[in-house]
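Listed below are the residues making up each chain.
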Amino acid sequence: MTDDIRPVLHAQGISKFFPGTIALDDVELRLYPGEVHALLGENGAGKSTLIKCLTGAYQRDGGTITLDGQEVNPQSTAASQKLGIGTVYQEVNLLPNLTVAENLFLGRQPVRYGIVSRRKMNASARATLSGYGLDIDPAEPLSAYSVAIQQVVAIARAVEMSGKVLILDEPTASLDRDEVQLLFSVIRQLKARGLAIVFITHFLDQVFDISDRATVLRNGRVVGTRLLQDVTPKDVVTLMLGRQLEARVQERKTGAVGKTLIEIQNLSKRGMIEPFSLELHEGEVVGLAGLLGSGRTETANLIFGVVQADGGKIKLRGQDITINRPRDAVAHRFALCPEDRKTEGIVGDLSVRDNIILALQARQGWMRPIPRAKINEIAESYVRALDIRLASLDMPIRLLSGGNQQKALLARWLATNPEFLILDEPTRGIDVGAHAEIIALIEQLREDGMALLVASSELEELVAYSTRVVVLRDRRQVSELTGDQITPDNIVRAIADEAAATVETA
Amino acid sequence: MIRSTHLPLIITLATFVLAFALCGYAYPSMLSTRVVANLLTDNAFLGIAAVGMTFVILSGGIDLSIGSVIAFTGVFLAVILRETSIHPLMAFALVLVITTAFGGAMGALIHYLEMPPFIVTLAGMFLARGAAYVLSTESVPITHEFYDVLQDLYWKAPSGGRFRLIGGVMVLTFLVGIIVAHRTRFGQNVYALGGGQQAARLMGVPLASTTIGIYAISGGLAGLSGIVFSLYTSAGYSLATVGVELDAIAAVVIGGTLLTGGYGFVAGTFFGILIMGLIQTYIVFDGTLSSWWTKIVIGGLLFAFILLQKGLTWATQARQRTVTGSAAPS
């Protein structure tokens with residue numbers, strides 16, 4: 001790349017190691033003045049680690065950062081702020097109990113003889129904010145205003161204090177469409193003022209809306225930096241997911257699909273997922289595809305009653321059922337293996353045996369304990385059937401490997417003999433061998449006549465076992481692929497589709 | 001301009017005015033400068049300690065040690081004035097240094113060891129009380145003539161009320177406390193800490209110095225309160241002021257400060273103290289009621305104020321304004 005302009009911030013060869021993993025490996029990032037630079041990558045790609053290295057929250061293990069040609073080495077977020085690198089986080093990191101002006105000026109209030117001049121502070125806060133298109137009373141507490149306004153105040157604070165580089169870490173995650181536009185107009189103004197802006201988001205259309213350049217990270221490495229005017233959303237998605245996307249011909253067993261088991265009609269939850277409808281048959285695997293934040297987990301949680309829906313209904317074999325909590329779902333013989341195995345799945349200090357029996361015992365009620373012999377029989381049979389490798393059933397489950405933990409969780413739900421099994425990222429963070437076994441198990445369960453809903457970011461995996469794939473984008477169901485349509489290429493196209501449309505009309 | 005954040009303060013003030021009016025209606029003689037003067041004198045030590053407690057609670061913490069520190073201060077002064085020929089003013093300075101350092105040390109433990117303030121100050125409470133016992137287990141009278149001088153300092157109002165020195169010290173402490181809390185960077189940092197430690201850290205608030213400063217202020221003011229208490233009783237007794245920390249917490253909460261930190265006013269605590277004192281005075285005037293009624297009324301008031309705070313929090317959340325004035329040019 002031969003750019004005439006010198007980058008404001010140039011990070012080279014940034015490396016960061018955590019015990020057992022390489023979080024960042026030789027990462028390079030150039031930020032130019034007056035440019036919005038999107039930082040993209042799936043979860044765990046290293047985006048936030050990179051940001052933390054830049055802002056001094058983490059100490060990097062290798063590499064250099066130059067700011068305006070000077071090498072810098074910030075030791076804390078406060079230090080990087082002084083150097084000129086300001087950060088705004090997804091969760092507004094301001095103080096709701098203080099006034100807008102106090103938030104804006106905390107730590108640098110105008111003082112005279114040690115006494116803060118409130119009048120001066122409020123006046124200059126008002127002046128500053130009007131520069132951002134906000135006409136609000138700075139003497140009101142911050143909590144009186146919407147998240148979008150709080151976000152703009154946070155940006156104003158970061159810019160006023162730093163003024164060279166502004167890092168926006170998922171600032172739009174909890175904003176609605178109009179609020180995003182408010183934020184974007186502020187970003188455009190700052191761009192015009194010559195700031196270098198880093199923009200992190202999971203919303204691809206927003207990336208193409210506001211950014212000039214994008215750097216894509218995967219597994220701690222930069223897989224590419226692109227000028228966005230030269231590429232299509234599909235190129236970017238391909239870079240992010242980074243798989244061999246030539247359509248491999250899958251040997252698909254189109255086993256006979258059974259009777260309709262579950263009908264979901266316009267189930268929705270405001271702010272989480274738009275109304276969606278879905279029909280599931282016995283002996284069918286429906287895949288849920290979409291980028292992170294597209295609503296996969298939300299869909300699973302809504303069906304299982306982890307989150308209460310505020311609209312729509314669910315029918316089981318034609319009968320209306322109400323699911324207000326996971327207990328209701330379990331009573332209807334639903335099961336859910338959550339995405340976050342460590343915090344939502346396993347009970348780390350309990351034995352493998354207790355973990356396997358947990359859901360079954362919970363359904364029975366605590367007054368009717370399952371006899372010890374029966375427990376052992378169930379646990380042992382699943383350990384054998386799923387080939388869970390362990391030294392003893394008594395060992396705490398947290399000592400097992402990720403793959404074996406996942407299999408034990410599957411055993412927990414299979415023990416309840418479910419009719420409908422929801423798996424949220426069943427293969428995340430497990431080794432290749434266990435990966436293949438879990439996929440084989442999904443096939444097996446399907447052939448046995450169970451209905452499965454599997455959310456996954458592994459496209460090839462989805463292609464391998466799904467009889468249908470539902471694609472989600474921006475918390476909305478955007479398309480459904482069946483039969484031969486199910487190829488990684490088609491899924492990527494469906495995920496990227498609307499972003500492409502936005503660019504064409506822009 | 002009245003803002004929603006001022007509402008608890010206004011309610012406290014209204015409660016005080018209403019209570020005073022009721023008292024005046026029942027016993028017209030309560031509407032005298034004498035009663036007001038006594039209200040200030042009798043509650044001086046509690047008020048001073050409550051200013052420190054306000055800072056602690058505003059920051060989201062708690063200080064259980066102050067009752068013990070007050071007792072320790074009293075015993076320390078009594079013993080040192082009996083055993084040595086040191087001037088009381090020197091003794092005052094000495095004890096203020098000790099109590100401030102004691103508070104600061106607790107703050108340092110809380111910050112650097114990331115220990116809950118409850119535990120650390122509970123330890124401080126036992127430590128200070130134990131130190132008082134070590135000095136003397138009996139009530140030690142203070143007979144220094146300088147004490148008589150200080151105790152005889154008062155301004156007599158035309159209608160007969162005697163505004164004594166210690167009441168003045170309390171009022172002065174409140175005035176300084178108000179300025180520090182609301183008009184200095186340190187005060188803003190205290191509120192920031194109470195609003196959210198994580199956010200405060202990211203915004204560059206110096207957590208260590210602020211936390212240590214807060215508990216040092218609380219310790220130092222407990223020392224000052226102990227000095228005032230020794231002037232009030234002319235003695236030092238290691239069994240005195242048991243549970244005063246709880247009275248102080250009650251005054252702070254009745255004064256409209258949120259126990260979880262971040263919201264409240266030092267001035268509110270002043271009226272909290274006055275309300276509590278007023279209840280006591282009323283019962284004295286009544287003569288037939290047992291003094292335990294004070295505790296019952298204060299308990300009821302506390303409940304009412306906690307409910308009120310919760311209600312206000314809900315109300316603010318429900319009324320979160322959306323984009324009010326976005327004139328964003330795009």
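All of the points below concern the structure found in this document. (Residues numbered from 1 in each chain as written. Chains lettered and ligands numbered in written order. Predicted model: local features only at pLDDT ≥ 70, side-chain atom pairs only at ≥ 80, totals over all residues. Heavy atoms only, no water.)

1. Thoughts on the sheet that holds strand β6 (residues 85–88) of chain A
Residue and element names in this part refer to chain A. Rules: Only when DSSP finds a minimum of two bridges between them are two strands counted as paired. In this text, helices come from DSSP runs of H or I with a minimum length of four residues, and strands from runs of E with a minimum of two, each type numbered from the N-terminal end. Helix axes use the C-alpha atoms of the stretch in contact, all axes being lines fitted to C-alpha atoms, and the angles between their N-to-C directions lie in the range 0 to 180 degrees. Contacts were defined at the residue level, with two residues in contact if any of their heavy atoms lie within 4.5 Å.
Reading across the sheet, the 6 strands line up as β6-β9-β10-β3-β11-β12 and stay open at both edges, with mixed pairing between neighbours. The open sheet has two free edges, formed respectively by β6 and β12 (221–227), since each of these has just one partner strand. The mean angle between the axes of side-by-side strands here comes to 20°, regardless of whether they run parallel or antiparallel. The sheet contact formed by strand β3 (residues 35–40) and strand β11 (residues 213–218) spans 4 bridges and is parallel. Residue L40 lies in a different strand from β11, and its bridge partner there is V216. Across the face of the sheet, helix α5 (residues 147–161) comes into contact with β6 and β9 (165–169) while running at roughly 170° to β6.

2. Considerations on the packing of helix α12 (residues 244–254) of chain B against helix α13 (residues 266–286) of chain B
Residues and elements named next belong to chain B. The criterion, for reference: It is the rotation of the near helix from the far one that decides the hand of a crossing: anticlockwise by less than a right angle makes it left-handed, clockwise makes it right-handed. As a working rule, the residues Ala, Val, Leu, Ile, Met, Phe, Trp, Tyr, Cys and Pro are called nonpolar, Asp, Glu, Lys and Arg charged, and the rest polar, with Gly in that last group.
With their axes 7 Å apart at the nearest point, α12 and α13 run at an angle of 115° to one another. As α12 runs across α13, the sense of the crossing is right-handed. Contacts between α12 and α13 involve D247, A250, A251, V252 and I254 from the first element and T269, G272, I273, I275 and M276 from the second. Partitioned by chemical class, the residues of the contact of α12 with α13 number 7 nonpolar, 2 polar and 1 charged.

3. Considerations on the nonpolar core
The criterion, for reference: Residue types Ala, Val, Leu, Ile, Met, Phe, Trp, Tyr and Cys, when buried and joined through side-chain atoms within 4.5 Å, form a set referred to as a nonpolar core. Burial here depends on accessible area, computed with a 1.4 Å probe over protein chains only, as a share of the maximum for the residue type. Under 20% is buried, over 50% is exposed, and the range in between is partly exposed.
Ranked by internal contacts, the top residues of the largest apolar core, which has 131 residues, are A:V153, A:I155 and A:L166. When residues of this core are assigned to their parent elements, the largest contribution, 12 residues, is made by helix α3 (residues 44–58) of chain B. Here A:L166 is in contact with A:G86, A:V88, A:I155, A:A158, A:V159, A:L190, A:L195, A:A196, A:I197 and A:V198, once residues within four sequence places are set aside. A:M240, A:C337, A:L445 and A:I491 belong to the second-largest nonpolar core, a separate cluster that totals 98 residues.

4. Structural notes on the environment of B:L302
Mapped onto the elements, B:L302 comes out in helix α14 (residues 292–318). Taking the C-alpha atoms as reference points, B:L302 and B:E83, separated by 219 residues in sequence, lie 43 Å from one another.

5. Details of a positive patch on the surface
Residue and element names in this part refer to chain B. To be explicit about the condition: Residues forming no salt bridge and having over 30% relative accessible area are the ones grouped into patches, like charges within 9 Å of each other and nonpolar side chains (Val, Leu, Ile, Met, Phe, Trp, Tyr) within 5 Å. For accessible areas, the Shrake-Rupley method is used with a probe of radius 1.4 Å. Any residue's cover is judged against the shown protein chains and nothing else. Salt bridge, as applied in this entry: a Lys or Arg side-chain nitrogen positioned within 4 Å of an Asp or Glu carboxyl oxygen. A residue counts as positive if it is Lys or Arg and as negative if it is Asp or Glu; His and the chain ends are not included. Note that the charge is assigned to NZ on lysines, CZ on arginines, CG on aspartates and CD on glutamates.
Judged by side-chain charge, R34, K156, R162 and R164 come together as a positively charged surface patch. Structurally, R164 is set in strand β3 (residues 162–164). Among the residues examined, R164 registers a relative accessible area of 30% and is labelled partly exposed.

6. Considering the sheet that holds strand β17 (residues 319–321) of chain A
Residues and elements named next belong to chain A. Strand order in the open sheet formed by 4 strands is β14-β13-β16-β17, with antiparallel pairing between adjacent strands. Both outer strands of the open sheet, β14 (273–281) and β17, are each paired with one neighbouring strand and no more. Averaged over all pairs of adjacent strands, the angle between strand axes in this sheet comes to 20°, irrespective of strand direction. In this structure, strand β13 (residues 260–269) lies alongside β14, joined through 6 bridges in antiparallel fashion. Residue pairing in the sheet places L267 in a bridge with F276 of β14.

7. Describing empty space enclosed by the protein
To find the voids left in a structure, one rolls a probe of water-molecule size over its atoms. Let me state the cut-off plainly: Buried and open spaces are told apart on a 1 Å grid over the protein atoms alone, a cavity being a set of points where a 1.4 Å probe fits but cannot get out and a pocket being an open set with protein on both sides within 12 Å along at least five of seven lines. Residues with an atom within 4 Å of a point are the lining residues. Grid points are joined across faces, edges and corners, and a volume is the space filled by probe spheres set on the points.
On inspection of all chains with the given rule, the structure shows 4 cavities of 30 Å³ or more. Size it by volume and the largest cavity reaches roughly 210 Å³. In terms of lining residues, the largest cavity is bounded by 16 residues, among which A:Q81, A:T87, A:V88, A:Y89 and B:L202 are the most central. For the lining of the largest cavity, the elements supplying multiple residues, two or more each, are α2 (77–83), β6 and α5 of chain A.

8. Side note on the interface of chain B and chain A
Put simply, the test is: In short, buried area is how much 1.4 Å probe accessible area vanishes from two parts on joining, totalled over both. Under the rule applied, a polar contact is a pair of N or O atoms within 3.5 Å (in protein, one hydrogen donor and one hydrogen acceptor; residues adjacent in sequence only if both atoms are side-chain atoms).
Taken together, the contact between chain B and chain A spans 32 residues of the former and 40 residues of the latter. Around 3100 Å² of area is buried between chain B and chain A when both sides are counted, 54% of it from carbon and sulfur atoms. Of all residues in chain B, B:R185, B:Q188 and B:M203 bury the most surface against chain A, accounting for 24% of the area lost on that side. Here chain B and chain A share 0 salt bridges between them. Seen at the junction of chain B and chain A, the total is 8 residue pairs in polar contact (both at pLDDT 80 or more). Taken together, the residues of the side of chain B that touches chain A break down into 13 nonpolar, 15 polar and 4 charged.

9. Overview of the environment of B:Y232
Residue and element names in this part refer to chain B. Topologically, Y232 is positioned in helix α11 (residues 207–233). Using a relative accessible area of 36% as the deciding quantity, one classes Y232 as partly exposed. Residues Y232 and A44, 188 residues apart in the sequence, show an inter-C-alpha distance of 8.9 Å.

10. Points about unusual backbone geometry
One non-glycine residue with positive phi stands out, namely A:N417, at about 55°. If you trace the backbone, A:N417 turns up in the loop between α14 (402–414) and β19 (420–424). We classify A:N417 as partly exposed; its relative accessible area is 48%. For B:S234, which is not glycine, the phi torsion reads 55° and is therefore positive. Topologically, B:S234 is positioned in the loop between α11 and β4 (235–236). By relative accessible area, B:S234 is classed as partly exposed at 24%.

11. A closer look at the packing of α3(B) against α12(B)
Residues and elements named next belong to chain B. Counted only if it meets this: Relative orientations are named as follows: roughly parallel for angles under 35 degrees, roughly antiparallel for angles over 145 degrees, roughly perpendicular for angles from 65 to 115 degrees, and oblique for any other angle.
The contact between α3 and α12 brings their axes to 8 Å, and the two run at 65°. What the angle tells us is that α3 and α12 run roughly perpendicular. In this structure, α3 crosses over α12, and the sense of that crossing is right-handed. Listed contacts from α12 to F45, L46, A50, M53, T54 and I57 of α3 are V244, E245, D247, A248, I249 and V252. Of the residues in the contact of α3 with α12, the class split is 9 nonpolar, 1 polar and 2 charged.

Purely spatial values, then, with no claim about function.
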